[in-house]
Number of protein chains: 2
Amino acid sequence: MEVLMRSLKMGINDELYIKDPESSDLGKKIVEQSILLLDEVGFEQFTFKKLGTRIKSNESSIYRYFENKNKLLLYLASWHWAWMECRMVFETNGIPDPKEKLKRAIEILTQNVEYDSTVSHINESVLNKVIIDEYSKSLLVREVSKEKRDGYCIIYMRLVERLCKMIIAVDKGYPYPNSLASTVLEGTLYQYFLKAHFPALTDCDGDITPTDYFTDLVFRAIKK
Amino acid sequence: MEVLMRSLKMGINDELYIKDPESSDLGKKIVEQSILLLDEVGFEQFTFKKLGTRIKSNESSIYRYFENKNKLLLYLASWHWAWMECRMVFETNGIPDPKEKLKRAIEILTQNVEYDSTVSHINESVLNKVIIDEYSKSLLVREVSKEKRDGYCIIYMRLVERLCKMIIAVDKGYPYPNSLASTVLEGTLYQYFLKAHFPALTDCDGDITPTDYFTDLVFRAIKK
DNA sequence: ATATATTGATAGTAAAACTATTATTTTTGC
DNA sequence: GCAAAAATAATAGTTTTACTATCAATATAT
């Protein structure tokens, strides 16, 4: 798997960047360090100036890669969802039983992402934390046309669709497969968010995981 | 109900404002028009300067009511959740059967809020739209201590707790009542959000409502 | 070795997010 | 009805952010 991943170039919408950050050392450093800086200071306090200082490069150089910090966050989110999709497809491939397949998919999608040095310059575990706290801020709802927005989020949309199809494969009569799939993905981020910031509002703690909760929920929902 | 509501002063954390906006005409106008402006331009483009122009008042006057636009949004969110709590308690009060009670609560909490002139200066229907698009941006996670954050969100937390208790009243053995309750509240906003901006990711449309989806989901989850 | 692309350094602009000061208006107590 | 107090308006100023523009320095490619 590691070998496969390393050589895999994520198909991220090229309108999210000006110059492909994968194409140079500076670009990779921008991506690498933006994740760490976002984790440290949050999206609101994050600026290209601070990032420039941190990577000992210039603010204006960063602007040559990304239009603004919103696009950068969307780029990172795309990367994250591409990574999740990749892992999900890989790990469920070849499971013949639809129930087992769905179970494994939910497991992958709701698990806390562990550090994995597969893609050297991206710390996927820290990126996961960033997505939990900031993902909702990346959805540029006003600034952008519907078509562009869909383009920016295409990987996420595809992931919901995949999960939706797995749900249908287990119970083709279930009337809300899209909603259930999107609830699992968004709800997972939300439960981790609550665990970190409002623990009284979730049962997920050291013992119970979002995986436990959502696996139970989905199978109770679709089991006739 | 209307009479009760009109006289009801929502118990909103007084650290969310500098001067109580309910205490003056200007204050009410700030709240009234901020909802409409937020709906029109979104949180990012919203400024106190624009709001000042709109209400033919001065930027600096608005700063005497609210520290900044984040606090204003949190104030509005508190108002919204207080209103939901109020309606939920009122509408479920006196229902003896726990199942019926829970069903009615979910109905209230997941329904689209209709315009209601009960509180003259607040258009709760537009506020509901604003909350759907912007609520997640109101959770000041970095800027503020855990205690303050809890204080700001106390009404929302209480609402989750109430719903949680209603779930337990139907099935005291269900292992994830807090998570299910928070999923219903957050998930409802999310399903409406998707309906408006990414309709392919939800089954909720003109026909199917979030109420249908979540009523079904909750009762499948807790029915043994 | 030279043309080309990339990056760095510096400077500058426009707007946002406030703060401070003073003037004017409105409210309230008496 | 009037003086004192409170609230609001007008104006101006500060700092920070989010960029853009220009040009110099450096790396790379042929």
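Please refer to the structure placed before this passage.
Since this is a predicted model, take the numbers as computed values, not measurements.

Scoring rules and cut-offs
- Sequence order as written defines the numbering, with residues in each chain counted from 1.
- Think of it this way: whatever chain is written first is A, whatever ligand is written first is 1, and the rest follow in order.
- Predicted model: local features are reported for residues with pLDDT of at least 70 only, side-chain atom pairs are reported and counted for 80 or more only, and whole-chain, interface and lining totals are derived from all residues.
- Values reported for side chains reflect all heavy atoms of the structure, with hydrogen atoms and water molecules removed beforehand.
- C-alpha atoms of residues with pLDDT of at least 70 in both copies form the basis for the least-squares superposition of the copies.
- By the convention used here, residues are in contact when the closest approach between their heavy atoms is within 4.5 Å.
- Under the scheme used here, helices are H or I runs from DSSP no shorter than 4 residues and strands are E runs no shorter than 2 residues, and both carry numbers assigned from the N terminus.
- When two components associate, each loses some accessible surface as probed by a 1.4 Å sphere; the sum of these losses over both components is called the buried area.
- A pair is scored as a salt bridge if a Lys or Arg side-chain nitrogen falls within 4 Å of a carboxyl oxygen belonging to Asp or Glu.
- Residues adjacent in sequence count toward polar contacts only when both atoms are side-chain atoms; beyond that, a polar contact is any pair of N or O atoms within 3.5 Å, and within protein one must be able to donate a hydrogen and the other to accept it.
- Throughout, the ten residues Ala, Val, Leu, Ile, Met, Phe, Trp, Tyr, Cys and Pro are labelled nonpolar, Asp, Glu, Lys and Arg are labelled charged, and all others, Gly among them, are labelled polar.
- Think of it this way: one heavy atom of a residue within 4 Å of a molecule or strand is enough to make that residue near it.

Trainee: Just give me the short version of the relation of the copies chain B and chain A, but keep the residues and values in it.
Mentor: Structural alignment of chain B on chain A gives an RMSD of 0.0 Å, achieved by rotating through 180° and translating 0.0 Å along the axis. The superposition of one copy onto the other is thereby described by a two-fold rotation axis. A share of 100% of the interface residues of chain B reappears at the interface of chain A, consistent with the copies meeting face to face through the same patch.

Trainee: Which residues make up the environment of B:Lys165, and what values do they have?
Mentor: When you line up the elements, B:Lys165 lands in helix α9 (residues 154-170). Sequence separation between B:Lys165 and B:Trp83 is 82 residues; the distance between their C-alpha atoms is 19 Å.

Trainee: Would you mind going over the interface of chain B and chain A in detail, with residue names and values included?
Mentor: Taken residue by residue, the interface counts 52 residues in chain B and 52 residues in chain A. Across the interface of chain B and chain A, roughly 4,400 Å² is buried in total on both sides, 56% from carbon and sulfur atoms. A per-residue breakdown of the area chain B buries against chain A is headed by B:Arg142, B:Tyr176 and B:Leu201, which together make up 16% of the total. Taken together, chain B and chain A are joined by four salt bridges. Taken together, the connections running from chain B to chain A amount to 31 residue pairs in polar contact (both at pLDDT 80 or more). At the level of secondary structure, the elements contributing two or more residues to the side of chain B that touches chain A comprise α2 (25-45), α7 (124-138), α8 (146-152), α9, α10 (177-197) and α11 (210-222) of chain B. Element by element, the count of residues in the side of chain B that touches chain A is highest for α10(B), at twelve residues. Residues belonging to the side of chain B that touches chain A are distributed by class as follows: 25 nonpolar, ten polar and 17 charged.

Trainee: Any chance you could break down the protein's contact with DNA strand C for me, citing the residues and the numbers?
Mentor: For DNA strand C, the set of nearby residues contains 16 residues, the closest of which are A:Ser57, A:Arg64, A:Tyr65, B:Tyr63 and B:Asn68. Within 4 Å of the protein, the contacting atoms of DNA strand C are drawn from sugar and phosphate to the extent of 51%. The contact in question runs from a base oxygen of DNA strand C to an N or O atom on the side chain of A:Arg64, over 3.0 Å. When contributions to the surface near DNA strand C are tallied by element, the ones reaching two or more residues are α4 (59-63) of chain A together with α4 (59-63) of chain B. Classifying every residue of the surface near DNA strand C by side-chain character gives three nonpolar, eight polar and five charged.

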